[in-house]
Amino acid sequence: MKPLKTILLLLLCTGGAFAQYSVRAGMGISFLDAPSLIDYINENYAPANQQLASFSSAINFNGEFDYSINKTYQVGIDFNYFLNSYNFSSINGIYKMDYNILMPTLVNYYVISGNGYSFKFGGGIGPRFVSVNEQLPATPSATNYKSTGFGFLARADGNTLLSGNLFANIGVDFKYDINGKPASAGKYLVNPATNQNVNFNMFSVVVRLGVTYTF
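Okay, so let's go over this structure. As the structure is a computational prediction, the values presented were derived from the model and not from experiment.

### Remarks on helix H2 (residues 35-44)
So, step 1. Residues Ser36, Leu37, Ile38, Tyr40, Ile41 and Asn42 constitute the buried set of H2.
So, step 2. Where H2 is buried, its residues contact strand E3 (73-90), strand E4 (93-114), strand E5 (117-135), strand E10 (190-191) and strand E11 (196-197).

### Quick word on the packing of aromatic side chains
So, step 1. For the structure on display, the rule yields eleven aromatic pairs.
So, step 2. With centroids separated by 5.7 Å and ring planes inclined at 25°, the aromatic side chains of Tyr21 and Phe215 adopt a geometry described as stacked. Taken together, the residues span a long stretch of sequence, with Tyr21 in strand E1 (residues 21-33) and Phe215 in the segment after strand E12 (202-214) at a distance of 194 residues.
So, step 3. Between Tyr45 and Tyr95 the ring centres are 3.9 Å apart and the planes differ by 5°, which places this aromatic pair in the stacked class. Linking Tyr45 in the loop between H2 and strand E2 (56-68) with Tyr95 in strand E4, this pair joins segments that are 50 residues apart in sequence. Taken individually, Tyr45 and Tyr95 each receive the classification buried, so the pair is uniform in this respect.

### Quick look at the pairing of E2
So, step 1. The element E2 is largely enclosed, with a buried count of ten among its 13 residues.
So, step 2. Sheet topology places E1 next to E2; twelve bridges connect them, and they run antiparallel. Within E2, the residue paired with Leu32 across the bridge is Ser56.
So, step 3. The pairing of E2 with E3 spans ten bridges and is antiparallel. By the bridge assignment for E3, Phe61 is matched with Tyr81.
So, step 4. Taking the residues between adjacent antiparallel strands as the criterion, E2 and E3 are bridged by four residues.

### With respect to the nonpolar core
So, step 1. In terms of nonpolar packing, the biggest core is built from 25 residues, with Ile41, Tyr86, Met97, Tyr99 and Phe200 touching the most fellow members.
So, step 2. Counting residues per element, this core draws most heavily on E4, which supplies five residues.
So, step 3. If we skip the residues at most four places from it in the chain, Ile41 touches Ala46, Leu52, Tyr86, Phe88, Tyr95 and Met97.

Analysis parameters
Note on numbering: residues in each chain are counted from 1, in written sequence order. Local features in this predicted model are restricted to residues whose pLDDT is 70 or higher, and side-chain atom pairs enter the listing and the counts only when it is 80 or higher, whereas totals over whole chains, interfaces and linings include all residues. Excluding hydrogens and water, the side-chain values take into account all heavy atoms of the structure. Categorising residues by exposure relies on relative accessible area from a 1.4 Å probe, with only protein chains included: less than 20% of the type maximum marks a residue as buried, more than 50% marks it as exposed, and the intermediate range marks it as partly exposed. Segments assigned H or I by DSSP are reported as helices when at least four residues long, segments assigned E as strands when at least two residues long, and all are numbered from the N terminus. By definition, residues are in contact when any of their heavy atoms lie within 4.5 Å. Only centres within 6.5 Å qualify two rings of Phe, Tyr or Trp (six-membered ring in Trp) as a pair; their planes then separate them into stacked at under 30 degrees, edge-to-face at over 60, and tilted for everything else. Criterion used throughout: strands pair if DSSP finds at least two bridges between them. Nine residue types can take part in a nonpolar core, namely buried Ala, Val, Leu, Ile, Met, Phe, Trp, Tyr and Cys, and a core is a set of them joined through side-chain atoms within 4.5 Å.

What follows is the structure in structure tokens.
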């Protein structure tokens, strides 16, 4: 996380003729495809009438700090918190899994702006930090698995003025995240049906709503 802190400090301390900062906060719906994870759950825990589809949805919360280098070029740091869960009952008991992913991303934008609006198109890359809690049927507590990876982001973003410096924000993200293979004390999450380690790599499309404040 030290490189991200350094970049954020540089953004805060940098000045220029077009200096403008903005902060954004919001939430979104992710439509995601995580093949290894979906196969693991369908092949071992999901009943036949509750099999997971290739694409499923999940919630994420997001925020961003941006700095305008000039009228058409902007850099920023995006923070995204993704969370999802699964819960299935069978004759053996209840299976539970919940996981979250912290996704900081350094983003570069091309900006088109006018009176009371702006459009931004860009992309970036950043680390990914995964935490998984899994509770197997007939077990009293969950096991926590963790992994670290990286991901890529492509984004289209729009802002329209509400009042003063406050803007309504809407955006679409396309993401590919190589989240790695979560492990607990050196022991990986393994799919018994294939005898392979489960990875949380995923492709996702995210639709976001929020607000942006410029200063």
